[in-house]
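# Commentary on secondary and tertiary structure
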Amino acid sequence: MNSDSLSSSSSSSSSSSSSSSSSSSSTSSVVNPPSLGELLPSSPPLSPPGDAELPPKSSSSPPQSQPRVPPPLSAISTMTTRDPDAVFSGGGISFLTGKHNVRFSYGYSTFKGKRGSMEDYFETKISEVGGQMVAFFGVFDGHGGPRTAEYLKNNLFNNLCSHPDFITDTKSAIVEAFKQTDADFLSQDKGRQKDAGSTASTALLFGDRLVVANVGDSRVVACRDGSAIPLSIDHKPDRTDERQRIEDAGGFVIWAGTWRVGGVLAVSRAFGDKLLKQFVTAEPEIEEQEIDGVEFIIIASDGLWNVLSNKDAVSLVQDIKDAEAASRRLTEEAFTRGSSDNITCLVVRFENEHQNEDSQ
């Protein structure tokens, strides 16, 4: 999300994102970019750490060539690679045991797009916490550089799981873990002159529960009974309650190409951003639902939501049963519609025994 802060809009620093693969050169100067389906394959994949603890689905690697642009999403195999300049996708399957056993599949796709650097990170992880299996999915959209988003990928879930009240008082534990992670990052970042920050949109699955925690303008949307249900609301400076909170704290919101906190930051909540920390909190808004009845969820950075509505995104992939294919389709569509930002998307699709019994 390079456009989130004025100071970072010209950033050209490269990142070693957890969500990337074969390298390529940018074609941002083209007014009407080709669709991803028309692009040529790039160099062979490398493999990044930080993916889910289950092995990804295997497929063959794309052929090598000498491209000017990233490979088509249709040619991307399930890879475990780090390369900030290209597309990366993959996925897996697992299950949770609760009142009803829940089987789910997940897929991810991420693309640097027209940006000069990759500032998105994501995390998918499945672990045992307090005797329960917990699945964690998160998208972190950095601004002012990738370091805040990378820190969240590496630390946020661990901090959540290690909180003593995570199982018994999940919402309070999430709030405290988010705030502590923010404080830890700011302490580590003290020596840096340039400000940096990141959004965080996360979904936790355990038992029969789906708990969404959001900071910033990445977003989580569910499909229930064929309808798009927002599970988070973007933290924008012109949101009435957010603007009031900022002004009550002594800050201000003005128009500078878009509404910005202090004329600088285009989100009203974020991790990092030490120079604006008095006004820009990392306290999440939390939404909890039962998994039963939810067909799938989409977690994505604003590179997707800037060009697709909630309804459009859900309709586009409602009939795509493979979660990885669905995430790739969303990334492709966002690029085709002219998204100018990094694009990162996670899709988690549910299939539980209770739903199957009802359909028989």
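This text goes with the structure placed above it.
Residues numbered from 1 in each chain as written. Predicted model: local features only at pLDDT ≥ 70, side-chain atom pairs only at ≥ 80, totals over all residues. Heavy atoms only, no water.

## Digging into helix α1 (residues 147–161)
Here is the rule we go by: Per the convention used, a helix needs a DSSP run of H or I reaching at least four residues, while a strand needs a run of E reaching at least two, with both numbered from the N terminus. Under the convention used throughout, the expected extent of a helix is 1.5 Å for every residue step, that is, one less than its residue count. Two axes enter the definition of the bend at a residue: one is fitted to the seven residues ending there, the other to the seven starting there, and the bend is the angle between them. Partly exposed residues are those whose accessible area sits between 20% and 50% of the maximum for their type, while under 20% is buried and over 50% is exposed, using a 1.4 Å probe and protein chains only. Here, residues are in contact when the closest pair of their heavy atoms is within 4.5 Å.
Relative to the 21 Å expected for 15 residues at 1.5 Å per residue, α1 spans 22 Å between its end C-alpha atoms, a close match to the ideal helical length. Within α1, the axis deviates most sharply at Asn155, by approximately 35 degrees. Among all positions of α1, only Arg147, Thr148, Ala149, Tyr151, Leu152, Lys153, Leu156, Phe157, Leu160 and Cys161 are buried. Those residues of α1 that are buried lie in contact with β3 (120–129), β4 (132–143), α2 (170–188), β5 (197–198), β6 (200–206) and β12 (271–272).

## Structural notes on the side chain of Ser327
Heads up, the condition is: Counting of polar contacts relies on pairs of N or O atoms within 3.5 Å, with two restrictions inside protein: one atom must be capable of donating a hydrogen and the other of accepting it, and residues adjacent in sequence are counted only when both atoms are side-chain atoms.
Looking at the element boundaries, Ser327 is found in helix α6 (residues 323–336). At 3.4 Å, the side chain of Ser327 and the backbone oxygen of Tyr108 are in polar contact. Setting aside its immediate chain neighbours within four residues, Ser327 contacts Gly107, Tyr108, Ser109, Cys345 and Val347.

## Focus: the nonpolar core
How we decide: Definition of nonpolar core: a set of buried residues of the types Ala, Val, Leu, Ile, Met, Phe, Trp, Tyr and Cys, connected through side-chain atoms within 4.5 Å.
Residues Phe104, Phe137, Leu205, Ile297 and Phe350 are the most contacted members of the largest nonpolar core, which totals 25 residues. Top element by residues in this core is strand β2 (residues 102–111). It accounts for 4 residues. Among residues more than four places away in sequence, those in contact with Leu205 are Leu96, Phe104, Met133, Val134, Ala135, Phe137, Leu210, Ile291, Val348 and Phe350.

## Describing the side chain of Ser339
Counting through the fold element by element, Ser339 comes out in the loop between α6 and β15 (343–352). Here Gly303 takes part through its backbone oxygen, which lies 2.6 Å from a polar atom of the side chain of Ser339. With sequence-adjacent residues up to four places away left out, Ser339 is seen in contact with Lys114, Gly303, Val307 and Ala334.

## A word on unusual backbone geometry
With a phi close to 55 degrees, Asp225 is a non-glycine residue in the positive phi region. Among the structural elements, Asp225 can be located in the loop between β8 (219–224) and β9 (227–230).

## Here we look at the pairing of β3
The cut-off we apply is this: Two strands are said to pair when DSSP picks up at least two bridges between them.
Extensive coverage of β3 is indicated by the burial of 9 of its 10 residues. Two elements, β3 and β4, share 10 bridges in a ladder whose sense is antiparallel. In the sheet register, Tyr121 faces β4, and the bridge partner there is Phe140. Joining the antiparallel neighbours β3 and β4 is a turn of 2 residues, in which Gly130 adopts a positive phi near 55 degrees.

## Observations regarding the packing of aromatic side chains
This is how the line gets drawn: In this analysis, rings of Phe, Tyr and Trp, with Trp reduced to its six-membered ring, are considered paired at centre separations within 6.5 Å, and the interplanar angle assigns stacked below 30 degrees, edge-to-face beyond 60, and tilted for intermediate values. Look at NZ for Lys and CZ for Arg. If either is within 6 Å of the ring centre and within 35 degrees of the ring normal, a charge sits over the ring.
Counted according to the given criterion, the structure contains 11 aromatic pairs. Here the aromatic rings of Phe166 and Phe206 are separated by 5.6 Å at their centres, their planes lie at 40 degrees, and the arrangement is tilted. A residue pair is termed long-range when its members are at least 10 positions apart, and Phe166 in the loop between α1 and α2 and Phe206 in strand β6 qualify at 40 residues. A single burial state applies to Phe166 and to Phe206, both of which are buried. Members of the aromatic cluster, connected to one another through ring pairs, are Phe88, Tyr108 and Phe122. Positioned above the aromatic ring of Trp259 is the side chain of Arg243, whose terminal nitrogen or guanidinium carbon lies 5.0 Å from the ring centre.

## Regarding the pairing of strand β7 (residues 209–215)
Counting buried positions along β7 gives 6 out of 7 residues, so the element sits mostly inside the fold. The sheet contact formed by β7 and strand β13 (residues 285–290) spans 6 bridges and is antiparallel. Note on β13: the bridge partner recorded for Ala213 is Ile286.

## Observations concerning the environment of Arg269
For Arg269, the position within the fold is in the loop between β11 (259–261) and β12. Along the primary structure Arg269 and Glu283 are separated by 14 residues, whereas in three dimensions their C-alpha atoms are 7.5 Å apart. Discounting residues that sit within four places of it in the chain, Arg269 has contacts with Val215, Gly216, His235, Glu242, Arg245, Val280, Thr281, Glu283, Pro284 and Glu285. Side-chain polar atoms of Arg269 contact the backbone oxygen of Glu283, separated by 2.9 Å.

## Considering the environment of Thr258
Within the secondary structure, Thr258 is located in the loop between β10 (253–255) and β11. Separated by 21 residues in sequence, Thr258 and Pro237 have C-alpha atoms that sit 9.3 Å apart.

## As for the packing of α1 against α2
Cut-off, in case you're wondering: Only the stretch in contact is used when a helix axis is fitted, and all axes are lines through C-alpha atoms; the angle between N-to-C directions ranges over 0 to 180 degrees. Working definition: roughly parallel below 35 degrees, roughly antiparallel above 145 degrees, roughly perpendicular at 65 to 115 degrees, and oblique for all remaining angles. In a left-handed crossing the near helix is turned counterclockwise from the far helix by less than a right angle, and in a right-handed crossing that turn is clockwise. Charged means Asp, Glu, Lys or Arg here, nonpolar means Ala, Val, Leu, Ile, Met, Phe, Trp, Tyr, Cys or Pro, and polar covers whatever is left, Gly included.
Running from N to C, α1 and α2 point in directions that differ by 140 degrees, and their axes come no closer than 10 Å. Viewed along their axes, α1 and α2 adopt a mutual orientation that is oblique. Pair α1 / α2 crosses with right-handed handedness. Contact with α1, carried on its side by Arg147, Thr148, Tyr151, Leu152, Leu156, Asn159 and Leu160, involves Ala173, Ile174, Ala177, Phe178, Thr181, Asp184, Phe185 and Gln188 of α2 and no other residues of that element. For the contact of α1 with α2, the class distribution of residues is 9 nonpolar, 4 polar and 2 charged.

All quantities given are derived from atomic positions and should not be read as evidence of function.
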